[in-house]
Amino acid sequence: MTTATRIEPGDGTAAGDHVLRPATAQDLPACAAIWRDALNDYLLRLAQPEIPDDLGPILRLYGHLQSTDPERFVVAERLGSDGARTIDAFISAVARDRLWFLSMLFVLPRAQGRGLGRRLLGAVMPKPDDGTGSRATATDSVQPISNGLYGSLGMVPRVPLLRLVGRVERPDAFAGLPSDIEVSTFDEIGADGDGLGSSALAGELGALDRDGLGFERPADHAFLVAEGRRGFLYHDRSGRTRGYGYTSESGRVGPVVVAEPELLGPVVGHLVTAVEPRGAFGIWVPGSAGEAVVPLLRAGFRIDGFPTLLCWDRPFADYTRALPISPGLL
Ligand SMILES: CC(C)(COP(=O)(O)OP(=O)(O)OC[C@H]1O[C@@H](n2cnc3c(N)ncnc32)[C@H](O)[C@@H]1OP(=O)(O)O)[C@@H](O)C(=O)NCCC(=O)NCCS
């Protein structure tokens, strides 16, 4: 990120200009408010439900994104004629091994359609030939501007991401776990460094992530556990790791990675019965992961809202046997 500049009155920055700079922790509430305003601006026009005003969960996600990738969390600040500075837009991306993932890009409605989104992308996005393996993001299917903008840069919508919500009404919709699979649980992951240390668990999660997703993400595992998600590991009797998945009493399920697609339905079935949610479960499932979509629907889950779209330039993950954390963090 080379374009970060501080706005200093008298430094030649004209009123109305946008200056890009890395976000600070103090900027995150303003970014969350832009996220909500920019989404509600078009969701309400489409008669969709409003984004609730509880910004706690999105702020915790922003804190995590900023802690792992501070130079990729950038705000666009405008200098008013009275000298006041206002954040009009922000972008947040993460790098995980050779994957670059655009997590958030939001521009306030009054500043949209004037090149600010493209400029923020230009500041943070790696060039296709700089050694980054894949560049990816998740978009709303009802949002032609973001789909057009990212598609023009190579990140084309490839796979729908369905949000399935509900509780298990018909448990027999899921095939049981194979008889040779043993289940263990984890709710903490080491204590040093990024939270994973050199524990055997970290190695098992990393190997599954490399195999199923094409990248490792130790800091994201530590974040999930800190957020109260409960992890499960699935081994066969010879001790080989066959998969992992997270569930929680708050109802958030995922991510999940398994060694072969046939295990996905049984593992998801285990995750949505292993804990009692306070309300309903919510789970993000790629359309390519039919092994999970079909039993979830048969068990009583419902599709919530319109699909999100997973976009990328080069393929990187096997989404027939992996479920993401959310559209904001794969
Ligand atoms: C999406 C968003 C981040 C884009 O930022 P922006 O500053 O408005 O966008 P820009 O003006 O930089 O660029 C928009 C580009 O999309 C293109 N575009 C717009 N509608 C399009 C369409 N229907 N098909 C193809 N391309 C389209 C524009 O032509 C423009 O490209 P250009 O630079 O070649 O002219 C911003 O509009 C926003 O925050 N929207 C609401 C929230 C949101 O949807 N965020 C993304 C969630 S997935």
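Residues numbered from 1 in each chain as written. Predicted model: local features only at pLDDT ≥ 70, side-chain atom pairs only at ≥ 80, totals over all residues.

1. Let's talk about the overall build of the protein chain
Step number 1: Of regular secondary structure, the protein chain possesses eight helices and 15 strands.
Step number 2: Radius of gyration (C-alpha) of the protein chain: 21 Å, near the 20 Å computed for a compact globule of 330 residues.
Step number 3: Expressed as lengths along the three principal axes of its C-alpha atoms, the size of the protein chain is roughly 70 × 45 × 35 Å.
Step number 4: Every one of the 330 residues in the protein chain was classed for burial, and the buried ones make up 39%.
Step number 5: Once local pairs closer than 6 in sequence are excluded, the contacts in the protein chain between residues at least 24 apart make up 70%. (Helix = DSSP H or I, 4+ residues; strand = E, 2+ residues; numbered from the N terminus. Rg over C-alpha atoms; globule rule 2.2 N^0.38 Å. Buried ≥ 20, exposed ≤ 12 C-beta atoms within 10 Å, placed from the backbone. Contact = placed C-beta atoms within 7 Å.)

2. Some points on the environment of Ser-152
Step number 1: For Ser-152, the position within the fold is in helix α4 (residues 144-152).
Step number 2: Residue classification places Ser-152 among the exposed positions, given that 11 C-beta atoms sit within 10 Å.
Step number 3: Considered as a pair, Ser-152 and Ser-288 are 136 residues apart in the sequence and their alpha carbons are 24 Å apart.

3. Let's talk about the sheet that holds strand β9 (residues 241-247)
Step number 1: Read across the sheet, five strands follow the order β7-β8-β9-β11-β15 without closing on themselves; strand pairing throughout is antiparallel. The outermost strands of the open sheet, each flanked by one partner alone, are β7 (181-186) and β15 (322-323). (Pairing = 2+ DSSP bridges.)

4. Looking at the site of the ligand
Step number 1: For the ligand, the set of nearby residues contains 21 residues, the closest of which are Gln-112, Gly-117, Arg-118, Pro-144 and Gly-148.
Step number 2: In the shell around the ligand, the residues fall into 10 nonpolar, eight polar and three charged. (Near = placed C-beta within 6 Å. Nonpolar A, V, L, I, M, F, W, Y, C, P; charged D, E, K, R; others polar.)

5. Describing the pairing of strand β5 (residues 134-140)
Step number 1: Of all seven residues that make up β5, seven are buried, and the element is covered over most of its length.
Step number 2: Pairing of strand β4 (residues 99-107) with β5 involves four bridges; the strand directions are parallel. Following the sheet pairing, Leu-99 is matched in β5 by Ser-134.
Step number 3: Handedness of the crossover joining β4 and β5 through helix α3 (residues 116-124): right-handed. (Right-handed = clockwise from strand over helix to strand, strands pointing away.)

6. What about unusual backbone geometry?
Step number 1: Residue Pro-255 is bonded to the preceding Gly-254 through a cis peptide linkage, with omega at 5 degrees.
Step number 2: Here Pro-255 shows up in the loop between β10 (252-253) and β11 (256-258).
Step number 3: Although it is not a glycine, Ala-47 adopts a positive phi angle of roughly 60 degrees.
Step number 4: In this fold, Ala-47 is placed in the loop between α1 (28-43) and α2 (56-68).
Step number 5: Residues other than glycine seldom take positive phi values, yet Asp-97 does so here, at roughly 50 degrees.
Step number 6: On the secondary structure map, Asp-97 appears in the loop between β3 (85-96) and β4.

7. Structural notes on the packing of helix α7 (residues 264-274) against helix α8 (residues 290-299)
Step number 1: At their nearest, the axes of α7 and α8 sit 8 Å apart, and the two run at 45 degrees to each other. Considering their axes alone, α7 and α8 lie oblique with respect to each other. For the pair α7 and α8, the sense of crossing is right-handed. Together, Leu-264, Gly-265, Val-268 and Gly-269 of α7 and Glu-291, Ala-292, Pro-295 and Leu-296 of α8 make up the contact between the two elements.
Step number 2: Class assignment of the residues belonging to the contact of α7 with α8 gives a composition of five nonpolar, two polar and one charged. (Axes fitted to C-alpha atoms, helices over the stretch in contact; angles between N-to-C directions. Parallel < 35°, antiparallel > 145°, perpendicular 65-115°, else oblique. Left-handed = near helix turned anticlockwise from the far one by under 90°.)

8. Here's the deal with the nonpolar core
Step number 1: Membership of the largest hydrophobic core comes to 82 residues, with the highest contact counts inside it found for Cys-31, Val-74, Phe-90, Leu-120, Val-285 and Leu-296.
Step number 2: Here this core spans two domains, and each of domain 1 (18-132) and domain 2 (164-323) adds at least three residues to it.
Step number 3: Not counting residues within four places of it along the chain, the set of residues in contact with Leu-296 comprises Leu-164, Val-268, Ile-283, Val-285 and Phe-301. (Core = buried A, V, L, I, M, F, W, Y, C linked by C-beta atoms within 7 Å. Domains from an automatic or database assignment.)

9. Remarks on the domain arrangement of the protein chain
Step number 1: Annotation of the protein chain at the domain level lists domain 1 (18-132) and domain 2 (164-323).
Step number 2: Taken together, the nine residues of domain 1 in the interface contact 10 residues of domain 2.
Step number 3: A total of three residues in the side of domain 1 that touches domain 2 trace back to one element, the largest contributor, which is α2.
Step number 4: Residues of the side of domain 1 that touches domain 2, tallied by class, amount to two nonpolar, three polar and four charged.

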